Amino acid sequence: MRNVIIIGSGPAGYTAAIYAARANLKPVLIASSVEAGGELMNTTEVENFPGFPQGIQGPDLMFKMQEQAERFGTEVILDDVTEVSLDGPVKTVTTGYSGTLEARSVIFATGSAYRKLGLADEERLSGRGISWCATCDGFFFKEKTIAVVGGGDSAMEEATFLTRFASKVYVIHRKDSLRASKIMQERAFQNEKIEFLWNNEVVGINGENAVESVTLRNTVDGSEQVLPLGGLFVAIGNDPRVHLVHQQLELTSDGVIAVDGRSSRTSLAGVFAAGDVIDPHYRQAITAAASGTVAALDMESYLAELEQAEAHLDVPAEQEPEAEAEAVESASARAAASASEAATVGA
Ligand code: NDP
């Protein structure tokens, strides 16, 4: 029986692991077999993570976080979680190759995935002119003509932010009106560097080694045109990775895991969540890392309360599962009730 299993290896997961390991809880972190390190593995230079005045490559930052977590005793498993069972005092996490692990608590730090356009050359030119994060990469597009795809708040925010660097920013949107909030729309409309290309979708991204142009198709008359560009930002939404916990944890109306206020406590006792999987707004490496800290501290308190309750009952948990269940209930009823309330409000 482990103390805690952390699922996810982005900044939230590794930060939770660093704290849990330093608390001597010997955490296990399941890092995914092919996507270990999370979204930052797809980023080039990270210049806004404190402590690296000259910037650091995204993958290097993630390797350092892993090294730091392992230094204090985190066991990192490169495997994919296929199933979880979260109810009751013993949580089980089933993986593709390593079998089923048991723990008293679980921290979800599964992040979110940028929605992609689904075009053939999107992957190939990713990091070579195609980006999903203006705050991360905007700086590299100084004095260039670039475009943002999307019509929501993210697209407006990214387009407006990118005018600090780019000489011109097109917003390519598939409809003739925006989904974005009025205030964000107005800000973009008033910006002289932004031009809207309505009723257009990107059907091709062109360039040998970097983005040189995109092919647009008019959604009204079907006509096509090639638009020369030095960069393309895709801002068509994010999907939190919650497929493992559907039907088990409460979600908010934004589709993220519901937590109790500023804590990481989910609707089930002993289950915590951190990072992008609870955050539909900020989605930065540093906010995810901070959220991982919160999850580790909440988890530590939970285990301490559990231990106290067990000691009070004076019944060894392994021998009397029912007694342990009772102890868990008393240790965490307050957290579960308030998280459930938060979920209801969120929904
Ligand atoms: P949204 O889901 O709100 O918007 C996505 C946009 O992308 C829509 O305009 C949609 O078009 C378009 N889109 C989706 N799929 C495709 C596709 N395959 N091809 C072309 N276009 C596509 O996502 P956001 O990330 O913008 O926002 C998510 C949440 O975060 C929202 O609640 C938002 O309010 C919030 N947010 C708030 C911010 C703030 O307040 N500062 C900043 C950023 C986000 P269509 O309209 O046709 O469906």
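This text follows the structure it describes.
Everything numeric in this text was worked out from a predicted model, so none of it was measured.

Enquirer: I tried to follow the sheet that holds strand 14 (residues 200–206) on my own but got confused; where do I start?
Expert: Pairing between the strands of a sheet is mediated by backbone hydrogen bonds and can be parallel or antiparallel. Strand order across the open sheet formed by three strands is 14-15-16, with antiparallel pairing between neighbours. Pairing within the sheet leaves two strands with one partner each, and these edge strands are strand 14 and strand 16 (224–228). Across the sheet, the axes of successive neighbouring strands diverge by a mean angle of 30°, strand direction being ignored. Looking at chain direction, strand 15 (residues 213–218) and strand 16 are connected through five bridges and run antiparallel. Looking across to strand 16, one finds that Leu 216 is bridged to Gln 225.

Enquirer: Before we go on, may I ask you to explain the sheet that holds strand 12 (residues 168–172) in this structure?
Expert: The five strands lie next to each other as 10-17-11-12-13, forming an open sheet whose pairing is parallel. Strand pairing shows two members of the sheet lacking a second neighbour, strand 10 (130–131) and strand 13 (194–197), which therefore form its edges. The sheet contact formed by strand 11 (residues 145–149) and strand 12 spans five bridges and is parallel. Across the sheet, residue Ile 146 finds its bridge partner in strand 12, namely Val 169.

Enquirer: Teacher, can you tell me more about the site of the ligand here?
Expert: Of all residues adjacent to the ligand, which total 17 residues, the nearest are Asp 153, Ser 154, Arg 174, Lys 175 and Arg 179. Here a nitrogen atom of the ligand and a side-chain polar atom of Glu 157 are 3.0 Å apart. Separating an oxygen atom of the ligand from a side-chain N or O atom of Arg 174 is a distance of 2.9 Å. Protein contacts shield 75% of the accessible area of the ligand, which totals 910 Å² for the unbound molecule. No other element matches helix 4 (residues 153–162), which puts three residues into the shell around the ligand. A class-by-class count of the residues in the shell around the ligand yields four nonpolar, seven polar and six charged.

Enquirer: Got a minute to help me understand the side chain of Ser 9 in this structure?
Expert: Relative to the elements of secondary structure, Ser 9 occurs in the loop between strand 1 (2–7) and helix 1 (11–22). According to the relative accessible area criterion, Ser 9 is buried, its value standing at 5%. Within the local environment of Ser 9, its side chain forms a polar contact with the backbone oxygen of Ala 31, the two atoms lying 3.1 Å apart. One polar contact links the side chain of Ser 9 to the main-chain amide nitrogen of Gly 37, over a distance of 2.8 Å. Once residues lying within four places of it in the same chain are set aside, the contact partners of Ser 9 are Tyr 14, Leu 29, Ala 31, Glu 35, Ala 36, Gly 37, Gly 38, Met 62 and Ala 109.

Enquirer: Looking at this structure, how should I read the pattern of salt bridges?
Expert: Where charged atoms from two side chains of opposite charge come close, those side chains can pair. Inspection of the entire model under this criterion finds nine salt bridges. Close ionic contact of Glu 39 with Arg 241 constitutes a salt bridge, the shortest N to O distance being 3.5 Å. Of this pair, Glu 39 sits in the loop between strand 2 (28–30) and strand 3 (45–46) while Arg 241 is found in the loop between strand 18 (238–240) and strand 19 (271–273), placing the two residues 202 residues apart along the sequence. Here Glu 310 makes a salt bridge to Arg 104, at a shortest N to O gap of 3.5 Å. In this pair, Glu 310 is assigned in helix 6 (residues 285–313) and Arg 104 in strand 8 (residues 100–108), connecting sequence segments 206 residues apart. Accessibility expressed as a relative area gives 12% for Glu 310, which makes it buried.

Cut-offs used in this document
Residues numbered from 1 in each chain as written. Predicted model: local features only at pLDDT ≥ 70, side-chain atom pairs only at ≥ 80, totals over all residues. Heavy atoms only, no water. Pairing = 2+ DSSP bridges. Helix = DSSP H or I, 4+ residues; strand = E, 2+ residues; numbered from the N terminus. Axes fitted to C-alpha atoms, helices over the stretch in contact; angles between N-to-C directions. Near = heavy atom within 4 Å. Polar contact = N/O pair within 3.5 Å; in protein donor to acceptor, adjacent residues only side chain to side chain. Areas by Shrake-Rupley, 256 points an atom, 1.4 Å probe, with all protein chains shown as cover. Nonpolar A, V, L, I, M, F, W, Y, C, P; charged D, E, K, R; others polar. Buried < 20%, exposed > 50% of the residue type's maximum accessible area, 1.4 Å probe, protein only. Contact = heavy atoms within 4.5 Å. Salt bridge = Lys/Arg side-chain N within 4 Å of Asp/Glu carboxyl O.

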